[in-house]
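# Descriptive structure summary
In case you want the letters, here they are:
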Amino acid sequence: MSAELGLAALWLAAALAVLQLVAGALAMGERGASLAGIVRPVAVVQGLLALVAFFCLIHVFWITDLSVKLVAMNSHSAKPLVFKIAGAWGNHEGSMLLWVTVMGLAGAFVALVERRLPERTMLATIAGQAFISIGFYAFLLFASNPFERLAQVPVEGNGLNPLLQDLGLAFHPPTLYLGYVGLSVAFSFAIGALITREVGPAFARAMRPWVMGAWIFLTVGITAGSYWAYYELGWGGWWFWDPVENASLMPWLAATALLHSASVLASRNALRAWTMMLGVVAFSMSMIGTFLVRSGILTSVHAFAVDPERGSFILALLAVYIGGALVLFGLRASTVTEGERFALVSREGALVFNNVMLSAILGIVLFGTLYPLLAEAMGAKVSVGPPYFNPMSALFFVPMLLILAVGPMLRWRRDTFGRVGKRLILPALAVAGSVIAVVLGGGADLLPFLGLTLALGLAIAGLLPLRDRNLRRTPLPIWGMVIAHLGIAVALFGMASESAWTVEKLVAVNTGETTQVGPWSVRLTRVDPVAGPNWTALEAELHVRYAGGAETVLRPQSRSFWTPPQQTSESALLSRWNGQLYAVLGGEGQDGRWQLRLWWKPFVTMIWLGGLMIALGGLLSLIGRTASDIRRVVARGKIAYRREKQGR
Amino acid sequence: MAAEKPMKAKHQRLVLLVIALVVLFAAALLAIWGLRSQASYFYLPVEIVAAPPEPDRGVRLGGMVEKGSLKTQADGVTIAFVVADGKARVPVTFRGIVPSLFVEGSGVVAEGRMGADGVFVADNLLAKHDEKYVPREMQDMTKQQAEAVMRETT
């Protein structure tokens, strides 16, 4: 029953999206003005219907209704409940339903609360959101129906890919999608403003919190995904430049640029056309990412199934939306009047620099991700990995960090480096000090070396905007900026430290034998069979000691799932304030020795701590701005009320 | 500094645009150069024997793990085996924990470098995980060479 209800809700939502588009477009004209009243309610109901469809899908997974094809293909009755539910989006159709649900809800939320925009821009924005939704509803209903029934009900389902049977699946995809698809709002805003030509500071102030909200989720989603891959894959790495990781990084880069250019537009009324362009680009990157991941044209753990038909469908959607938006931009960009002027050395100048560098990194990542496709079209099979991405992106990342240290202290409009130069002595000394420390400490390769030395300088420079301020009266958005920039320094330190100082040990040991990795001594005491709900495993007991300290036990496993039959290795981690010990159990050799792979990764946890700080910074800024918006509205209301009373 | 005075609107827009375009163009050139020198190419055994890549270049080698060729060395963590495609045979060494589906007679993609001595040193092995996740090169390969492999393995 749930499946039919879900499908019906989906069709209704799609129909409402069409109504929303038509009514929104007509209401912008003189004659359709009477339709304006229904646009917002329709958007809200459309979002709720998508949510109903999504809950129906969760329900069929919850009860493991095997007559639904998707459940039979991807679930199993013996799976723990949490993975049954999370498994609803651990497949192509379910994840696309999550996608349209988030898109519908984002549109509904905008329709419900956004009151700052001029009415016509608002109508165009909501119609724009419906316009993108329609394409994805069509994709879902015609090419990836999640509610399809089977004529013959199988006795048992195929089960879920064991790599996905982890709590990470419950949080990572929904968070990432909230960010990824949340950017559709920025896209619709940009389209709305381009149609009505209302591009100005008020528009930027209205758009900024939406971009910020999506960006926070995207940041958390990427951070969580990185940590998940780190402990689940058992390869000891935290970023693989996998096409799917790139697909989430590219919208993040564009959204980060957009946030900064929107703040120039909001405060200084400059960079108008550029901000619109980024609004279009950010969500376009989300769509390109979906195409790469869902069409199965790239090799990736995230690619669920290869289906060329779906690929061409998404490609057509991409062409319509991105092409259409760029044409609109091309037609309107020249009519968007030039904003305020500024000198090259100014806050605006630094933010422009940040934007250009972020765009360059975006280009580098995009090229590298698409190159295997281009090469394959010409008959060569290639893959592109860290040897390309690391140095190429660093080339633009490092100058951006240098300007990041100065930018927040520059004044708007016009400034000189001389004025801020004196304040930078301290961070410069810190950089010099860390150069000496790293060289004395045994040195490191170029990239980690740059990272380590820059991180400290950046951390100090990042705090400087708080100097000469009354900390209690410092507005929340300033705190947000400082914490987010500090987060970059913290994450950078973690990344550089991990690649400079990681110690790896790969050995075969007998039970009872002790081995050393960095400051740790690790003794394998026994290997026992253990059983879980849908797997059995061999579990090693490792007694580990840090530099002769107290003993702790780690239990890495090598798991065998039976539906589908597959082995995974469950790594065991031990965190200390200064790093993590990472243990993986391998196979048993013919001589009875067990393979162990151990890593000591100094300060590796700072990578994800930094990521969370960046997101927290965004959150503080969002809260601060929203609170002052609400205060302003309340104050305006009070004034109007008083006037009314006096007039009486 | 020339930038002391705010410029005329038209000029400023132009200057910013030109700077942005120059940087992005430079990024594009760099990307092309980087991709040419750093992309790792996929080889079949017959290709890698005919025209070996430079020893320091990362490449991928795909083929079948020859039956009876897999040996574990004394340290217990280094393995040696032969990847073959029916036309050529390439000895491979790998230090690490092998993926569970890596067995003799099945397909493998090895990432690593071709040594000057003709031994391929792998940093990473990609084996067939399950029918849902097959490295794309291997799908092709198994189709093309199913017959050759059958002859060899039976």
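Residues numbered from 1 in each chain as written. Chains lettered and ligands numbered in written order. Predicted model: local features only at pLDDT ≥ 70, side-chain atom pairs only at ≥ 80, totals over all residues.

## Focus: the overall build of chain B
Rule in force here: Strands are runs of DSSP state E lasting at least two residues, helices are runs of H or I lasting at least four, and both sets are numbered from the N terminus onward. Counting other C-beta atoms within 10 Å of each residue's C-beta, where C-beta atoms are placed from the backbone, gives the exposure class: buried for 20 or more, exposed for 12 or fewer, partly exposed between. Once C-beta atoms have been placed from the backbone, residue pairs whose C-beta atoms lie within 7 Å are recorded as contacts.
Each helix and strand counted, chain B has 3 helices and 7 strands in total. Each helix (α) and strand (β) of chain B, taken in turn from the N terminus, gives the series α-β-α-β-β-β-β-β-β-α. Within chain B, the proportion of its 154 residues that are buried is 33%. The contacts in chain B between residues at least 6 apart in sequence include a share of 51% that link residues at least 24 apart.

## Examining the overall build of chain A
Note the threshold: Only C-alpha atoms enter the radius of gyration; for comparison, a globular chain is expected to reach 2.2 Å times N to the power 0.38, where N is the number of residues.
Along the backbone of chain A there are 18 helices and 11 strands. What you see for chain A is a C-alpha radius of gyration of 27 Å, in line with the 26 Å of a compact globule of 648 residues. Its C-alpha atoms give chain A principal-axis dimensions of about 90 × 75 × 60 Å. Here chain A, with 648 residues, has 51% of them falling under the buried criterion. Restricting the contact set of chain A to residue pairs at least 6 apart, pairs at least 24 apart contribute 75%.

## Let's talk about the nonpolar core
Condition: Structurally, a nonpolar core is described as a collection of buried Ala, Val, Leu, Ile, Met, Phe, Trp, Tyr and Cys residues joined by way of C-beta atoms within 7 Å.
Core analysis: the largest hydrophobic core is formed by 192 residues, its most contacted members being Ala 186, Val 211, Ala 254, Ala 255 and Leu 458 of chain A. In terms of residue count, the dominant contributor to this core is helix 8 (residues 201-232) of chain A (16 residues). Excluding residues that lie within four positions of it along the chain, Ala 254 of chain A makes contacts with Leu 278, Val 281, Ala 282, Met 285 and Leu 362 of chain A. The next biggest cluster of nonpolar side chains, apart from the first, holds 24 residues, and it includes Met 64, Phe 81, Ala 122 and Leu 126 of chain B.

## Digging into the environment of Ala 316 of chain A
Residues and elements named next belong to chain A. Position of Ala 316 relative to the elements: it lies in helix 11 (residues 308-333). Residue classification places Ala 316 among the partly exposed positions, given that 13 C-beta atoms sit within 10 Å. Residues Ala 316 and Gly 135 lie 181 residues apart in sequence; the distance between their C-alpha atoms is 9.5 Å.

## A closer look at the sheet that holds strand 9 (residues 572-576) of chain A
All names here are of chain A. Convention followed: Here, any two strands with at least 2 DSSP bridges between them count as paired. For every element, the axis is a line fit to its C-alpha atoms; helices are fit only across the contacting stretch, and the angle between N-to-C directions ranges from 0 to 180 degrees.
Reading across the sheet, the 4 strands line up as 2-11-10-9 and stay open at both edges, with antiparallel pairing between neighbours. Looking at strand neighbours, the two that pair on one side only are strand 2 (503-509) and strand 9, the edges of this open sheet. On average, each strand axis in the sheet is tilted by 15° relative to the strand beside it, whichever way the strands run.

## Quick look at helix 7 (residues 167-196) of chain A
Residues and elements named next belong to chain A. Operational definition: Helix span, as expected, comes to 1.5 Å for every residue beyond the first.
Relative to the 44 Å expected for 30 residues at 1.5 Å per residue, helix 7 spans 45 Å between its end C-alpha atoms, a close match to the ideal helical length. Most of helix 7 is tucked away: 24 of the 30 residues are buried. Looking one or two residues beyond helix 7, the residue adopting positive phi is Arg 197, at roughly 60°.

## Things to note about unusual backbone geometry
Residue and element names in this part refer to chain A. Even without a glycine there, the phi angle at Trp 241 is positive, about 55°. Turning to its location among the elements, Trp 241 is positioned in the loop between helix 8 and helix 9 (243-268). Residue classification places Trp 241 among the buried positions, given that 20 C-beta atoms sit within 10 Å. Backbone geometry at Asp 468 places phi at a positive 65°, although glycine is not the residue there. Turning to its location among the elements, Asp 468 is positioned in the loop between helix 16 (446-463) and helix 17 (476-501). The class of Asp 468 is exposed, set by 7 C-beta atoms lying within 10 Å.

## Things to note about the pairing of strand 2 (residues 59-65) of chain B
All names here are of chain B. In plain terms, the rule: With the strands pointing away from the viewer, any crossover whose connection runs clockwise from the first strand over the helix to the second is right-handed.
By the criterion of burial, strand 2 is predominantly enclosed, with 7 of the 7 residues buried. As paired elements, strand 1 (residues 40-43) and strand 2 share 2 bridges and run parallel to each other. Residue pairing in the sheet places Tyr 43 in a bridge with Leu 61 of strand 2. Handedness of the β-α-β unit built from strand 1, helix 2 (residues 45-50) and strand 2 comes out right-handed.

## Quick look at the environment of Phe 449 of chain A
Residues and elements named next belong to chain A. Mapped onto the elements, Phe 449 comes out in helix 16. Looking at Phe 449, the number of C-beta atoms within 10 Å reads 18, which means it is partly exposed. Taking the C-alpha atoms as reference points, Phe 449 and Leu 471, separated by 22 residues in sequence, lie 34 Å from one another.

## A word on helix 12 (residues 347-377) of chain A
Residue and element names in this part refer to chain A. The criterion, for reference: At every residue, the bend is computed as the angle between two fitted axes, covering the seven residues ending there and the seven beginning there respectively.
Its 31 residues give helix 12 an end-to-end C-alpha distance of 45 Å, which sits within 8% of 45 Å, the value for a rise of 1.5 Å per residue. Largest kink in helix 12: about 40°, centred on Leu 370, with the proline Pro 372 one to four residues after it. In the stretch just after helix 12, Gly 379 is the one whose phi turns positive, near 95°.

## As for the confidence of the model for chain A
Here is the rule: As a per-residue measure, pLDDT reflects the predictor's confidence and takes values from 0 up to 100.
When the pLDDT values of chain A are averaged, the result is 89; 98% of them are 70 or greater. Here residues 300-305 of chain A is a poorly scored stretch, pLDDT under 50, and it has 17 contacts once near neighbours within four places are set aside; other chains count.

## A look at the packing of helix 1 (residues 2-27) of chain A against helix 2 (residues 36-62) of chain A
Residues and elements named next belong to chain A. Applied cut-off: Our angle categories are set so that under 35 degrees counts as roughly parallel, over 145 as roughly antiparallel, 65 to 115 as roughly perpendicular, and the remainder as oblique. A clockwise turn of the near helix away from the far one marks a right-handed crossing, whereas an anticlockwise turn of less than a right angle marks a left-handed crossing. Residues are grouped as follows: Ala, Val, Leu, Ile, Met, Phe, Trp, Tyr, Cys and Pro are nonpolar; Asp, Glu, Lys and Arg are charged; all remaining types, including Gly, are polar.
The interhelical angle for the contact between helix 1 and helix 2, taken along N-to-C directions, is 160°, at an axis separation of 8 Å. Comparing their axes, helix 2 and helix 1 come out roughly antiparallel. Between helix 1 and helix 2 the crossing geometry is left-handed. Here the residues of the contact of helix 1 with helix 2 are counted per class, giving 24 nonpolar, 6 polar and no charged.

## Focus: the packing of helix 8 of chain A against helix 18 (residues 606-647) of chain A
Residue and element names in this part refer to chain A. In contact at an axis separation of 9 Å, helix 8 and helix 18 are set at 165° when each is read in the N-to-C sense. The angle between helix 8 and helix 18 falls in the class roughly antiparallel. The two elements helix 8 and helix 18 cross, and the hand of that crossing is left-handed. Where helix 8 abuts helix 18, its residues Pro 209, Met 212, Gly 213, Trp 215, Ile 216, Thr 219, Val 220, Ile 222, Thr 223, Ser 226 and Tyr 227 lie against Trp 608, Gly 611, Leu 612, Ile 614, Ala 615, Gly 618, Leu 619, Ser 621, Leu 622, Arg 625 and Thr 626. Class assignment of the residues belonging to the contact of helix 8 with helix 18 gives a composition of 13 nonpolar, 8 polar and 1 charged.

## What about the confidence of the model for chain B?
All names here are of chain B. Summarising the model, chain B shows a mean pLDDT of 77, and 75% of its residues fall at 70 or more. Of all helices and strands in chain B, the one with the weakest mean pLDDT is helix 3 (residues 136-153) (48), whereas strand 5 (residues 89-95) scores best (94). Long-range and interchain partners of residues 1-5, a stretch whose pLDDT sits below 50, account for 6 contacts in this model, where long-range means more than four residues apart. Across residues 129-134, confidence stays below pLDDT 50; counting only partners more than four residues off in sequence or on other chains, it has 10 contacts. At the level of chain-chain contacts, confidence expressed as ipTM amounts to 0.79, with global pTM at 0.91.

## Quick look at the environment of Leu 538 of chain A
Residue and element names in this part refer to chain A. Counting through the fold element by element, Leu 538 comes out in strand 5 (residues 535-546). The exposure class assigned to Leu 538 is partly exposed, which follows from the 19 C-beta atoms found within 10 Å. In the structure, Leu 538 is positioned 50 residues away from Ile 488 in sequence and 39 Å away in space, judged by C-alpha atoms. For Leu 538, the contacting residues outside a window of four places in its chain are Val 527, Pro 529, Gln 557, Ser 558 and Leu 585.

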